[in-house]
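# A closer look at the structure
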Amino acid sequence: MSASETKTPLTARRGASLSGTITVPGDKSISHRALMFGLLTVGETRISGLLEGEDVLNTAKVCRQLGATVTRTGEGAWTVHGVGVGGLKQPEAALDFGNSGTGCRLMMGVVGCHPIRATFDGDASLRKRPMRRALDPLELFGVRVVAQGEGGRLPITIEGPSDAVPVTYESPVASAQVKSAVLLAGLNAPGITTVIEKEATRDHTERMLSHFGAEVTVTPHGEHGRRIDLVGQPELKAAPVVVPADPSSAAFPIVAAAIVPGSDVTVTGVMMNPLRTGLITTLQEMGADIELVNPRVESGEDIADLRVRGSKLRGVDVPAHRAPAMIDEYPILAVAASFAEGPTRMNGLHELRVKESDRLAAVAAGLAAAGVDHTIEGDDLIVAGNGKAPGGGTVATHMDHRIAMSFLVMGLATTKPMTVDDTGFIATSFPDFVGLMRGLGADFA
């Protein structure tokens, strides 16, 4: 039975302090991209530390459908023998991405400018999520949308042009997925494809393009933005990828250690890309005791070990321009804010409304279930914060892994236990979340 057919609730209780050293799963963003770049490269791409969650495994399966030989050689160790830019084969069946919006939107870019027809699909949750934001720029290249669900939702069938044209695209939303879809489509278009973004978003695609030998130039644009120019139709060169630990997954044990008094937890090998460390910056502003140990660089990405001790937190104002660097971390930040003294205002959270669930509404409902005072003003979330949270409620996760993990972490510090209605979807990004957290001393029952 799938996770959507049988719910697996779990309750978190306040207990002793948390302690220990853990390694969280590999970064999901890098894992998806490593497989896709392997597909677009002739020769063997070796990947270590790949996140073996459902989302990434679905991307691996889709790469096989498009002509790559994808092999698991050990725990987190994979090889991809790709077909090269322009070499994708016509898939015989629909490309099913399960719960993964990242996998689906990025692969639309990969496939878009190839002269093949492909149908993109996913589970019930993914079928509710908007895809037009990725399709609109692809149509500028000459991609044709043959069929789509209501409101530009899955299932969607696209057909690539025989001769794609390069585009200059100014993104109306701060979305790394949309930017990446455009750049990946631009790989198989002649000439220069340009993306201009008003707010700089995660730059993993640009870094990996360089790592695999593409000619990509990034320059500042305006106050917080960037301009990315990519020379199309390169011959990508196979390169090994070491996947760092996912900062979005590390966020859960980090916040747990910060809010449970007396805790001392180290999370090893965490990606410290400056466009992904918004949560760390914000927690440090709140007074969290977070120490960076052994900073280093692997496969073009900055990483470090993070030592976190229990801390007294204070409320802060989180600027809207930081949102792209921590868009997946707002649910767990809202949990941290519940234990801070004074209000925390998170500005400009529009993107949360189009995640696995309407995450802004889901976070607000979870805070209400925990008895935490909060308000939503437009796209801003304000958490009152008085140093403690009552707890005692049950949270509806809406098939959203981050909502489930966030409120389980919350229950480790609330006065009364917190229950989440379903933990099945945690496996999409963090398969051993419960086991690792129990190893630190978390009381989940």
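Residues numbered from 1 in each chain as written. Predicted model: local features only at pLDDT ≥ 70, side-chain atom pairs only at ≥ 80, totals over all residues. Heavy atoms only, no water.

Another aspect to go through is the overall build of the chain. Regarding its fold elements, the chain presents 12 helices and 24 strands. Oriented by its inertia axes, the alpha-carbon framework of the chain measures out at about 60 × 50 × 45 Å. Relative to all contacts within the chain whose residues are 6 or more apart in sequence, the contacts with residues 24 or more apart total 76%. Just so you have it, the chain exposes about 15,600 Å², and 50% of that area is on carbon and sulfur atoms. (Helix = DSSP H or I, 4+ residues; strand = E, 2+ residues; numbered from the N terminus. Contact = heavy atoms within 4.5 Å. Areas by Shrake-Rupley, 256 points an atom, 1.4 Å probe, with all protein chains shown as cover.)

The first and last C-alpha atoms of helix H2 (residues 54–65) sit 17 Å apart over 12 residues, in line with the 16 Å expected at 1.5 Å per residue. All of the buried residues along H2 are Asp 55, Val 56, Asn 58, Thr 59, Ala 60, Val 62, Cys 63 and Gln 65. Where H2 terminates, the next one or two residues include Gly 67, which has phi positive at roughly 115°. (Expected span 1.5 Å × (residues − 1). Buried < 20%, exposed > 50% of the residue type's maximum accessible area, 1.4 Å probe, protein only.)

On to the packing of helix H1 (residues 28–39) against H2, then. The geometry of H1 relative to H2 is characterised by a closest axis approach of 10 Å and an angle of 5° between their N-to-C directions. What the angle tells us is that H1 and H2 run roughly parallel. Counting all contacts with H1, which are made through Lys 28, Ser 31, His 32, Leu 35, Met 36 and Leu 39, the residues of H2 involved are Asp 55, Val 56, Thr 59, Ala 60 and Cys 63. For the contact of H1 with H2, the per-class residue count stands at six nonpolar, three polar and two charged. (Axes fitted to C-alpha atoms, helices over the stretch in contact; angles between N-to-C directions. Parallel < 35°, antiparallel > 145°, perpendicular 65-115°, else oblique. Nonpolar A, V, L, I, M, F, W, Y, C, P; charged D, E, K, R; others polar.)

Moving on to the UniProt feature "binding site: phosphoenolpyruvate" (unreviewed entry) in the chain. Cross-referencing UniProt, the feature "binding site: phosphoenolpyruvate" (unreviewed entry) maps to Lys 28, Gly 101, Arg 129, Gln 177, Arg 359 and Arg 402 in the present numbering. For Lys 28, the location among the structural elements is in helix H1. Under the relative-accessibility criterion, Lys 28 is labelled buried at 9%. Position of Gln 177 relative to the elements: it lies in helix H5 (residues 176–186). Relative accessible area serves as the criterion here: at 13%, Gln 177 is assigned to the buried category. (UniProt positions renumbered as here; feature names shortened; annotations may be inferred.)

Mapping Trp 78 onto the fold places it in strand S5 (residues 77–82). Sequence-wise, Trp 78 and Thr 266 are 188 residues apart; in three dimensions their C-alpha atoms are separated by 27 Å. For Trp 78, the residues in contact, after removing those within four places along its chain, are Thr 45, Arg 46, Ile 47, Leu 50, Glu 52, Leu 57, Ala 60, Arg 64, Val 70, Thr 71, Arg 72 and Thr 73. Within polar-contact distance, the side chain of Trp 78 engages the side chain of Glu 52 at 2.8 Å. (Polar contact = N/O pair within 3.5 Å; in protein donor to acceptor, adjacent residues only side chain to side chain.)

The next subject is the domain arrangement of the chain. Under the domain assignment, the chain is made up of domain 1 (10–26 + 244–444) and domain 2 (28–242). Placing a centre on the C-alpha atoms of domain 1 and another on those of domain 2 gives a separation of 28 Å. Every contact between the two is made by 30 residues of domain 1 and, on the other side, 34 residues of domain 2. Contact between domain 1 and domain 2 buries roughly 2,600 Å² in total, counting both sides, with carbon and sulfur atoms accounting for 50%. Among the residues domain 1 hides against domain 2, the three largest losses belong to Leu 275, Ser 299 and Thr 428. Together they make up 22% of the total. If you look at where domain 1 meets domain 2, you find three salt bridges. One salt bridge in this structure joins Arg 133 and Glu 351, with 3.0 Å as the shortest N-O distance. On the surface where domain 1 and domain 2 come into contact, there are nine residue pairs in polar contact (both at pLDDT 80 or more). Elements that contribute at least two residues to the side of domain 1 that touches domain 2 include exactly strand S17 (301–309) and helix H11 (401–411). (Domains from an automatic or database assignment. Buried area = accessible area lost by both parts, 1.4 Å probe. Salt bridge = Lys/Arg side-chain N within 4 Å of Asp/Glu carboxyl O.)

Let's shift gears to the nonpolar core. As a rule of thumb, nonpolar side chains are buried together in soluble globular proteins. One finds Leu 283, Tyr 330, Met 346, Met 410 and Phe 433 to be the most contacted residues of the largest nonpolar core, which totals 75 residues. Per element, the largest residue contribution to this core is nine residues, and it comes from helix H7 (residues 247–259). Ignoring sequence-local partners within four residues, the contact set of Tyr 330 consists of Val 318, Arg 322, Ala 323, Met 346, Asn 347, Leu 349 and Leu 352. Ranked by size, the runner-up nonpolar core spans 66 residues in total, among them Leu 35, Leu 95, Val 111 and Leu 209. (Core = buried A, V, L, I, M, F, W, Y, C linked by side-chain atoms within 4.5 Å.)

Attention now goes to the sheet that holds strand S22 (residues 394–395). One open sheet accounts for four strands, arranged S22-S23-S1-S24; its pairing is mixed. The open sheet terminates on both sides in strands that have one partner only, identified here as S22 and strand S24 (443–444). Pairing geometry for S22 and strand S23 (residues 418–420), over two bridges, is parallel. Following the sheet pairing, Thr 394 is matched in S23 by Thr 419. (Pairing = 2+ DSSP bridges.)

Spatially, the four strands line up as an open sheet ordered S6-S7-S9-S8, and their pairing is mixed. Both outer strands of the open sheet, strand S6 (95–96) and strand S8 (144–149), are each paired with one neighbouring strand and no more. When strand S7 (residues 117–121) meets strand S9 (residues 153–159), the two strands line up antiparallel, connected through four bridges. By the bridge assignment, Ala 118 is partnered in S9 with Ile 158.

Moving on to the packing of aromatic side chains. Evaluated as defined, the whole model comprises five aromatic pairs. A centroid spacing of 6.1 Å and a plane angle of 75° characterise the contact between Phe 252 and Phe 433, whose relative ring orientation is edge-to-face. Taken together, the positions of Phe 252 in helix H7 and Phe 433 in helix H12 (residues 433–440) put the pair 181 residues apart, joining distant regions of the chain. On the accessibility criterion, Phe 252 (1% relative accessible area) is buried. These aromatic residues form a ring-pair network of at least three members: Phe 252, Phe 430, Phe 433 and Phe 444. (Phe/Tyr/Trp six-rings, centres within 6.5 Å; stacked < 30°, edge-to-face > 60°.)

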